[in-house]
Amino acid sequence: MLNQMVNNFIGKQHRYHSLSILLHWTVVLGLVFMFVSGLYMVNADISKADQYKLFQIHKAAGVVMLWALFVRVCVRIFTHAPELPEGFSNSDKKKAKTGHILLYVAVVVMPLSGWLMVSASPFGLPTFVFVDWIKWPHIPGVSRNKTIETIANNIHWITASVLGFLIVGHIGAVIWHRNKHGVNLLDRMWWSKTKR
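Residues numbered from 1 in each chain as written. Predicted model: local features only at pLDDT ≥ 70, side-chain atom pairs only at ≥ 80, totals over all residues. Heavy atoms only, no water.

Colleague: Sorry, what's going on with the packing of helix 2 (residues 18-43) against helix 5 (residues 146-181) here?
Modeller: When two helices pack together, you describe them by how their axes are tilted relative to each other and by the distance separating the axes. Here helix 2 crosses helix 5 at 135 degrees, and the two axes come no closer than 12 Å. With respect to their mutual orientation, helix 2 and helix 5 come out oblique. Of the two possible hands of crossing, helix 2 and helix 5 adopt the one that is left-handed. Of helix 5, the residues touching helix 2 (which contributes His24, Leu31, Phe35, Gly38, Leu39 and Val42) are Trp157, Ala160, Leu163, Gly164, Ile167 and His170. Here the contact of helix 2 with helix 5 is built from residues that sort into eight nonpolar, four polar and no charged. (Axes fitted to C-alpha atoms, helices over the stretch in contact; angles between N-to-C directions. Helix = DSSP H or I, 4+ residues; strand = E, 2+ residues; numbered from the N terminus. Parallel < 35°, antiparallel > 145°, perpendicular 65-115°, else oblique. Left-handed = near helix turned anticlockwise from the far one by under 90°. Contact = heavy atoms within 4.5 Å. Nonpolar A, V, L, I, M, F, W, Y, C, P; charged D, E, K, R; others polar.)

See the structure below:
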């Protein structure tokens, strides 16, 4: 018990901090919802009223995602990540680090660009976080600015495409290392103990 506590503080554990794991999978579920709802609300043949409701849910979920990401980054900064397996080459380690950095950048740019887009929208609609009394503020100085809205919209969609590609690469790397090297990287991001 004492050894486990010490290991958690000095970074010798074989998995991420429990809060990091919880936030990781929460963000995963959030991203799935955001992708599905985002594509559905702009492509589905639904009434304007239903589309408006879905936009509001998407925006509210985006605010929650932004906060979850903020907490996720803070936890990542203040906790130790497990070391990559010793058998990884320097090239593998560089690719892993680069991939994680790009994922962090993309998942932060996504909600920020969405927030900017909503703030600059000509409609000026407020964003409520699931209940009428929690109102999320618009970014000041960009109100009803069609140029900024268009730029933010483009960034949002481009980032969504890039993020999708990065997620596929992320999952692919886990599968590849499992099949090629017999290393189960998923153990690092789950609560079960790693068998060594």
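So, next bit.
Colleague: Is there a simple way to think about the environment of Gly62 in this case?
Modeller: Of note, Gly62 is situated in helix 3 (residues 48-78). Once the C-alpha coordinates of Gly62 and Ala44 are considered, the two residues, 18 residues apart in sequence, prove to be 20 Å apart. With sequence-adjacent residues up to four places away left out, Gly62 is seen in contact with Met34 and Pro111.

Colleague: I'm lost on a nonpolar patch on the surface in this one. Help?
Modeller: A contiguous nonpolar patch, built from Phe33, Ile57, Val64, Phe130, Val131, Trp133 and Ile134 and spanning about 680 Å² of accessible area, is present on the exposed surface. Along the chain, Phe130 falls in the loop between strand 1 (127-128) and strand 2 (135-136). By relative accessible area, Phe130 is classed as exposed at 55%. (Patch = residues over 30% accessible without salt bridge, like charges linked within 9 Å, V, L, I, M, F, W, Y side chains within 5 Å. Areas by Shrake-Rupley, 256 points an atom, 1.4 Å probe, with all protein chains shown as cover. Salt bridge = Lys/Arg side-chain N within 4 Å of Asp/Glu carboxyl O. Buried < 20%, exposed > 50% of the residue type's maximum accessible area, 1.4 Å probe, protein only.)

Colleague: Mind showing me how you'd approach the side chain of Arg188 here?
Modeller: Among the secondary structure elements, Arg188 is positioned in the segment after helix 5. One buried charged residue, Arg188, forms no salt bridge at all, with the nearest opposite charge on Glu83 at 7.5 Å. Here the side chain of Arg188 touches Glu83 through a polar contact of 2.9 Å, landing on its backbone oxygen. Those residues in contact with Arg188, other than ones at most four positions away along the chain, are His14, Arg15, Tyr16, Ile21, Pro82, Glu83 and Leu84. (Lys, Arg positive; Asp, Glu negative; His and termini not counted. Polar contact = N/O pair within 3.5 Å; in protein donor to acceptor, adjacent residues only side chain to side chain.)

Colleague: What should I look at first to understand the packing of aromatic side chains in this one?
Modeller: Two measures describe an aromatic ring pair: the distance that separates the ring centres and the angle between the ring planes. Enumeration over the complete set of coordinates arrives at five aromatic pairs. Centroid distance Trp67 to Phe70: 5.9 Å. Interplanar angle 85 degrees. Geometry classified as edge-to-face. Of this pair, Trp67 and Phe70 both sit in helix 3, three residues apart, roughly one helical turn. Relative accessible area serves as the criterion here: at 45%, Trp67 is assigned to the partly exposed category. Ring geometry for Trp115 against Trp136: centres 5.2 Å apart, planes inclined by 55 degrees, an arrangement best described as tilted. (Phe/Tyr/Trp six-rings, centres within 6.5 Å; stacked < 30°, edge-to-face > 60°.)

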